[in-house]
Structures are given as C-alpha cells and as structure tokens.
Amino acid sequence: MKINLGILASRIRLEEKLLVKEARKRSEINLTIVDPREFTWDNSNLSELDVLLDREISQSRAYHIMELLSNTGITLINDFETVQLCGDKAFTSVKLKKHGVPTPDFRVAFDRESALKAVEEIGYPAVLKPVDGSWGRMVSKVNNRESAEATLEHKSHLDSHYHSIYYVQDFVETGKKDIRAFVIGGEVVGAAYRKSDHWITNAARGGESHPYPLTEELETIVSATSDVLGGGALAVDLLESERGLLINEVNCSMEFKESMKVIDRDIPAELLDYTVERAKVGSEEVTQQQCLV
Amino acid sequence: MASCPECGTEIELPDDTIKNEILDCPTCGLELEVVSLDPAEVDLAPEEEEDWGE
C-alpha cells in the first residue's frame, strides 16, 4: 500500500530536509510538500493525502489548516486537539494540572491589574509568558513589583490580542538549563539537557544540547504528559526542581536539530515510522466506516 | 546558478536542494530562501514573525 504523505511546511529547515530525505528513500511513501502560501481553502488537492505531518513554522497557519482538515479522513500528525492544547501554554498547564502531572505553579489572568495580583501570589521572581509564544520570545522574568508593573504596562501596549491574556509562572531555579525530551507514539525516544549562559535556554536562543539519560522518572512524567495531551509526536520541556521533574512546556511540531547532536536515535526516521503507521491505521478505519455505510 | 539578491554572489545549489529551503549567502551571510529550483532562484528569506515557533 502506497502512503500519500504531505509535509506541511513553508520553510525548509534542517529538520524538514531530513524528513524529506528520509521520506524519499522509502518506496511506500508518495511525498508532497504542502506550502501553505501556495493554496487557498478549498482550492487544493489536500483531500488526496492519507496523512499530513505538520512542520509549519507559522503556528497560526498550522492551527487553522489542522482544524480545517480535522475529521476529513486525513490522518493528522498531530491531532488538532493536541495542536490546540500545545499551542496555548494556559491550556497545556491547566490540562496537565487537572490530570496530576507536575508543573511549575502558574496563574492565568485576563486583565492587567489581576495579572499583577497573580504575580504577587506566585511570588518573586516570576515569569510572564505570552500564551502562544515560542522560542522564548517575549518571556520576561520579573524580580520585583516594579519590574512586574513595567512589564505589564509594556504588554498592554502590544498589538496582538494574545498579550491581553496573562500567563504567570513560578520561576524555577535550574542553573540555566532545562531538559528537552521527545515522545513519539507514547515512547520516549530521547532526551537532552539544554544549557545556556542565559536563563532562557531555547535552542533558538543559543541553548546547547548535552546528554541526559532516560531515567524512570523522566519516562514516567513524559509518557503521562503525552497521554494527557492526546499522544502523537511531542517535544516536552522539563525543569529539575526540589519537587522533582516539572513539565514546563510542550511543543507539537518539535524542533530537534540541536538535541539530535546528543541523542542516539534517528528522530526523523522514527517520526516518519510513526506517521506512516498512523496513516495505515487511519486508512483501515476509513475503510471499515465505508463498509459499515 | 542562483544569485544573492543583496550582494549578487553567484550561489550553486547542491543537487539535494529542496524548494523553500533556507540557506545563508556565503558572502554577505544574509538568510535566503530557495524560491525556484529550475531555474535556480533565491530570494530574501521571510523575517521571523510573532507566531513562528514549534
């Protein structure tokens, strides 16, 4: 059976290039690179796809395309519900907390004054984040009331409506490092420390990867996170704390080029294995539904 | 052969280049996007937007 695989991407970075090269090596895959800039809804041939792997760098585009393709018979990696949960830090944290997965203490506020109260409740230092941000963009560590007031005032003058949703998180002192773990189809395939000279350790901001072992604690909390958020292929960012490992953020179109330097697994190959497997299961389900009709 | 739109450097694209791939101009260092493979053409890569990420 030939799998019609679409890779949703407008920007081909190293990750996408590795995925494309791997897909082209496999005779069972018929690959289409889907550039969201080049089609309009519904003037496209997306319906011919069996599976669409989201690698789109614009989270707004990815969010809408994955939603529009939900329940159309195309298997989506990841499911829209997972994209929705991971695309908003408040949704992620609330969902994890509800299911008892440890996270840093957090608050979500909807007004500048109540956001200040939330920061004071959390205590200093606290971290203010946009709910939909990535790569550490506009993440602020506030060390006292004056800096909290200033940051909140600046946020109130920003254009995006998302800045009127205030996500406040306890600052966890980790020594300028965190852990990135990859979970694909429920299996934790690898993890790496991200270390930096800055408290923001994102690879996009210069964080460098170092080996981190797959401990029982890590595998347990990352697997639980995957279960709660609907599975799929996720990059889970964790913080080491006195309470043990905490889930900081979860990313559903994982960037792995920095981490793969120290992880002894072929992440693009495993991501494609999972994608193809999900497509096969999805096709069987569609066939069964057609038989029932 | 593609040409950097900023400094004019001629850039030979490797055989395995993919459309929309990002590369750096070897002379001026500007980030470029491969917008066509045949003929080979590059343009300035889009600048980072607020919703970019993972």
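Cut-offs used in this document
Residues numbered from 1 in each chain as written. Chains lettered and ligands numbered in written order. Predicted model: local features only at pLDDT ≥ 70, side-chain atom pairs only at ≥ 80, totals over all residues. Helix = DSSP H or I, 4+ residues; strand = E, 2+ residues; numbered from the N terminus. Rg over C-alpha atoms; globule rule 2.2 N^0.38 Å. Buried ≥ 20, exposed ≤ 12 C-beta atoms within 10 Å, placed from the backbone. Contact = placed C-beta atoms within 7 Å. pLDDT = per-residue confidence, 0-100. Pairing = 2+ DSSP bridges. Domains from an automatic or database assignment. Nonpolar A, V, L, I, M, F, W, Y, C, P; charged D, E, K, R; others polar. Axes fitted to C-alpha atoms, helices over the stretch in contact; angles between N-to-C directions.

1. A short note on the overall build of chain A
Check the secondary structure of chain A and you find eight helices and 13 strands. Taking 19 Å as the expected radius of gyration for a compact globule of 293 residues, we find that chain A reaches 20 Å, a close match to that expectation. Dimensions of chain A, computed from the C-alpha atoms along their principal axes, are close to 60 × 40 × 35 Å. The burial tally for chain A puts 42% of its 293 residues in the buried class.

2. Brief notes about the overall build of chain B
When its secondary structure is counted, chain B shows zero helices and five strands. Taken from the N to the C terminus, the helices and strands of chain B come in the order β-β-β-β-β. For the C-alpha atoms alone, the extent of chain B along its principal axes is close to 35 × 25 × 15 Å. Put simply, chain B has 54 residues, and 17% of those count as buried. Summarising the internal contacts of chain B: among those between residues at least 6 apart in sequence, 21% fall at separations of at least 24.

3. Things to note about the confidence of the model for chain B
Looking at chain B as a whole, the pLDDT averages 96, with 100% of positions reaching at least 70. In the predicted assembly, ipTM is 0.93 and pTM is 0.94.

4. Examining the pairing of strand E4 (residues 31-37) of chain B
Residues and elements named next belong to chain B. As judged from the three bridges shared by strand E3 (residues 22-24) and E4, these two strands associate in the antiparallel manner. Each bridged residue has a counterpart across the sheet, and for isoleucine 22 the counterpart in E4 is glutamate 33. What sits between the antiparallel neighbours E3 and E4 is a turn of six residues, in which glycine 29 has the positive phi angle 80°. With five bridges joining them, E4 and strand E5 (residues 40-44) adopt antiparallel strand pairing. Considered in E5, the bridge of glutamate 33 is made with aspartate 43. Between the antiparallel neighbours E4 and E5 lie two residues.

5. Points about the domain arrangement of chain A
All names here are of chain A. For chain A, the assigned domains are domain 1 (105-170) and domain 2 (174-269). On a C-alpha basis, the centres of domain 1 and domain 2 stand 24 Å from each other. Facing the four residues of domain 1 at the interface are five residues of domain 2. Broken down by class, the residue content of the side of domain 1 that touches domain 2 amounts to two nonpolar, one polar and one charged.

6. Structural notes on unusual backbone geometry
Residues and elements named next belong to chain A. Here the amide bond leading from tyrosine 124 into proline 125 is cis, since omega sits at -5°, within 30 degrees of zero. Of note, proline 125 is situated in the loop between helix H5 (112-122) and strand E6 (126-129). A positive phi angle, near 60°, is found at methionine 138, a position not held by glycine. Residue position: methionine 138 is located in the loop between E6 and strand E7 (140-142).

7. Let's talk about the interface of chain B and chain A
Between chain B and chain A, the contact holds eleven residues from the first and 23 residues from the second. Split into classes, the residues belonging to the side of chain B that touches chain A amount to three nonpolar, two polar and six charged.

8. A few points about the sheet that holds E3(B)
Residues and elements named next belong to chain B. Spatially, the three strands line up as an open sheet ordered E3-E4-E5, and their pairing is antiparallel. Only two strands of the sheet have a single partner each, and these edge strands are E3 and E5. Pairwise comparison of adjacent strand axes, ignoring direction, gives a mean angle of 45° for this sheet.

9. A word on the sheet that holds strand E12 (residues 233-241) of chain A
Residues and elements named next belong to chain A. Strand order in the open sheet made by the five strands is E11-E10-E9-E12-E13, with antiparallel pairing throughout. Each having just a single partner strand, strand E11 (208-211) and strand E13 (244-251) make up the two edges of the open sheet. The sheet shows a mean angle of 35° between the axes of neighbouring strands, taken without regard to direction. In this structure, E12 lies alongside E13, joined through seven bridges in antiparallel fashion.

10. Describing the pairing of strand E3 (residues 51-54) of chain A
Residue and element names in this part refer to chain A. Burial along E3 is two-sided: the face carrying Val51 and Leu53 and the face carrying Leu52 and Asp54 are both buried. Bridging between strand E1 (residues 3-8) and E3 involves four bridges; their strand directions are parallel. Pairing of isoleucine 7 across the sheet is with leucine 53, part of E3. Strand direction decides the pairing type here: E3 and strand E4 (residues 75-77), joined by three bridges, are parallel. Bridge pairing in E4 links valine 51 to threonine 75.

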